[in-house]
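Letter by letter, the chains look like this.
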Amino acid sequence: MAYEEPVTDYDHIVENCTCAFCGCNCDDLDYLIKNGHVVAVRHACRLGASKIMEDMDQRLMVPMIRGASGELEEVDWETALNKAAELIAGAVRPVFYGWSETSIETMKQGIALGEEVGAVLDNQATICHGPSLQAVQNAGYPVMTLGEVKNRADMCVYTGSNAMNSHPRHMARYTTFPRGYFRQRGRFDRTIVTMDPKYSDTAKMSDIWVGFEQNGDYEFYNAIRAVLKGKELKKDVIAGIPKEDIYELVEAMKNVEFGALFFGLGLTHTLSKQRNIDIAIQMVQDLNKFAKWVLMPMRGHFNVNGFNIFMAYEMGFPFGVDFARGYPRYMLGETNTIDLLTREEPDVFMVIAADPGAHFPGGANKHLVNIPVIQIDIHWGPSTELADVVLPGSFVGVEVGGTSYRMDGVPIFMKKAIDKPETCRDDEWIVRELKERVFKIKAEQAKVASK
Ligand code: SF4
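A quick note: this is a predicted structure, and the numbers were derived from the prediction, not measured.

Caption draft 1: The pairing of strand E7 (residues 120-123), seen in detail. Judged by which residues are buried, E7 turns out to be covered on both faces: Val-120 and Asp-122 on one side and Leu-121 and Asn-123 on the other are all buried. Summarising the sheet, E7 and strand E15 (residues 321-322) pair through two bridges and their orientation is antiparallel. Residue pairing in the sheet places Val-120 in a bridge with Asp-322 of E15.

As structure tokens, this is what we get:
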């Protein structure tokens, strides 16, 4: 990689900003500002820096509506908001999806709107750590904060997670390298284990790599649990791992002072899905008979956890919440976005701060082609190609402040560093405007109906 000169040409620095990319929510970033733009970021990883310093090429700048020609055409805010409000107010089965890359303040407006129109509100957990949330409901949640891991953990396990690529500063800030109160020698005081079929970049940074077979998760954790309970393993090789290695690993896990297990999509997306997490949770509970052990899902987007926490706080359920009957219902497999789209139920789809066009299976996107789609986002992406109304939002943590929840549930206020483009609006403002317009349409409809 070519050496890049440090940026020295800037007007001022805004310190202690928070990265709006992954669930680490790094809140130690400094933005270097020149002429109202972020020209460099200190302390961020490459993922975070590339998002914060995005070039404006693909920025959604103006509201648009798809015209008779089939092309998106520029309109004023009034026209776009009215069109979106009409679509939402006239819908029978609206779905509001996304939310994980915007603020809690925006979600608050969205929940009120969803409740009014009987929508389904769902976030990216539905295609990500939803199985983990199910497992937590099944088996419990022996969780911790990342600060506890930094100060106490002498063994950290990454399973089904490649933190070096997905959460690049996780090892540096919390698990591997930092010196903690009881771990003064940092890296030398910790054993790092990666359990993953692939010899990933995280495995390369670890002391131990356990390369169990793909889809072998359930069998592998079952074997660990059996050994923890004092049983003999009957097979010589389990999920591709010789039984002697499993005995040795269990012995090491029993003899730590504080163990932390982080799991990712390797568990949630492979065969058995939430059952993989069930058994991982039970394994951690069993380990607590010998040593202190905790676990945590490696939540993806910077505020995916925020939606689940806020939704559960407000409505009692974390995601896939259906207000169709006027009160919240939660039925996994029924009220989740992919299931609804595959069954071709929704008649209006609002996507905010997410890109289903890029990340949903084709079968689900097929239905999005046939129904009106309202997009609130900052970038042109595959979902814009599906959208009928486009409302350009603002970049939380750079252009607008807002609250987010880190992967461990610690709330962080993300401050504003620069002004947003004049033609864009805050996400919170957009959703509030939609809510007020929809409420007005509904009130008028009720007045007419009562005559
Ligand atoms: S680790 Fe995550 S939150 Fe931290 S700077 Fe990188 S992308 Fe941003």
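And the narrative resumes.
Caption draft 2: Region of interest: the packing of helix H3 (residues 104-117) against helix H13 (residues 304-315). Relative orientation of the contacting elements H3 and H13 amounts to 45 degrees, with a least axis distance of 11 Å. Looking at the two axes, H3 sits oblique to H13. Along this stretch, H3 crosses H13, giving a crossing that reads as right-handed. Facing H3, whose interface residues are Ile-104, Met-107, Lys-108, Ile-111 and Glu-115, H13 presents Gly-306, Phe-307, Phe-310, Met-311, Glu-314 and Met-315.

Caption draft 3: Expanded view of the sheet that holds strand E8 (residues 155-159). The parallel open sheet is built from five strands, whose spatial order is E10-E9-E8-E13-E14. Edge strands, defined here as strands with exactly one partner in the open sheet, are strand E10 (208-210) and strand E14 (292-297). Averaged over all pairs of adjacent strands, the angle between strand axes in this sheet comes to 15 degrees, irrespective of strand direction.

Caption draft 4: Geometry of the sheet that holds strand E3 (residues 37-42). With antiparallel pairing, three strands are arranged side by side in an open sheet as E1-E2-E3. Single-partner strands in this sheet number two, and they are strand E1 (12-17) and E3. The average angle at which neighbouring strand axes cross in this sheet is 30 degrees, direction not considered. Bridge analysis of strand E2 (residues 29-34) against E3 gives five bridges, and the strand direction is antiparallel. In the strand pairing of E3, Lys-34 is matched with His-37.

Caption draft 5: Summary view of the nonpolar core. Among the nonpolar cores identified, the biggest contains 41 residues, and Ile-88, Phe-96, Leu-121, Ile-374, Leu-391 and Leu-434 are the most heavily contacted of them. Broken down by secondary-structure element, the contributors of at least two residues to this core are helix H2 (77-89), H3, H13, strand E17 (348-352), strand E18 (373-377), strand E19 (389-392) and helix H18 (427-450). Excluding its chain neighbours within four sequence positions, the residues that come into contact with Ile-374 are Ala-84, Leu-87, Ile-88, Val-348, Phe-349, Met-350, Val-351, Val-389 and Leu-391. Core analysis: the next-biggest nonpolar cluster, separate from the first, contains 40 residues, Cys-22, Val-38, Val-149 and Met-298 among them.

Analysis parameters
Residues numbered from 1 in each chain as written. Predicted model: local features only at pLDDT ≥ 70, side-chain atom pairs only at ≥ 80, totals over all residues. Heavy atoms only, no water. Buried < 20%, exposed > 50% of the residue type's maximum accessible area, 1.4 Å probe, protein only. Helix = DSSP H or I, 4+ residues; strand = E, 2+ residues; numbered from the N terminus. Pairing = 2+ DSSP bridges. Axes fitted to C-alpha atoms, helices over the stretch in contact; angles between N-to-C directions. Parallel < 35°, antiparallel > 145°, perpendicular 65-115°, else oblique. Left-handed = near helix turned anticlockwise from the far one by under 90°. Contact = heavy atoms within 4.5 Å. Core = buried A, V, L, I, M, F, W, Y, C linked by side-chain atoms within 4.5 Å.

Such coordinate-based values are descriptive only and should not be taken to indicate function.
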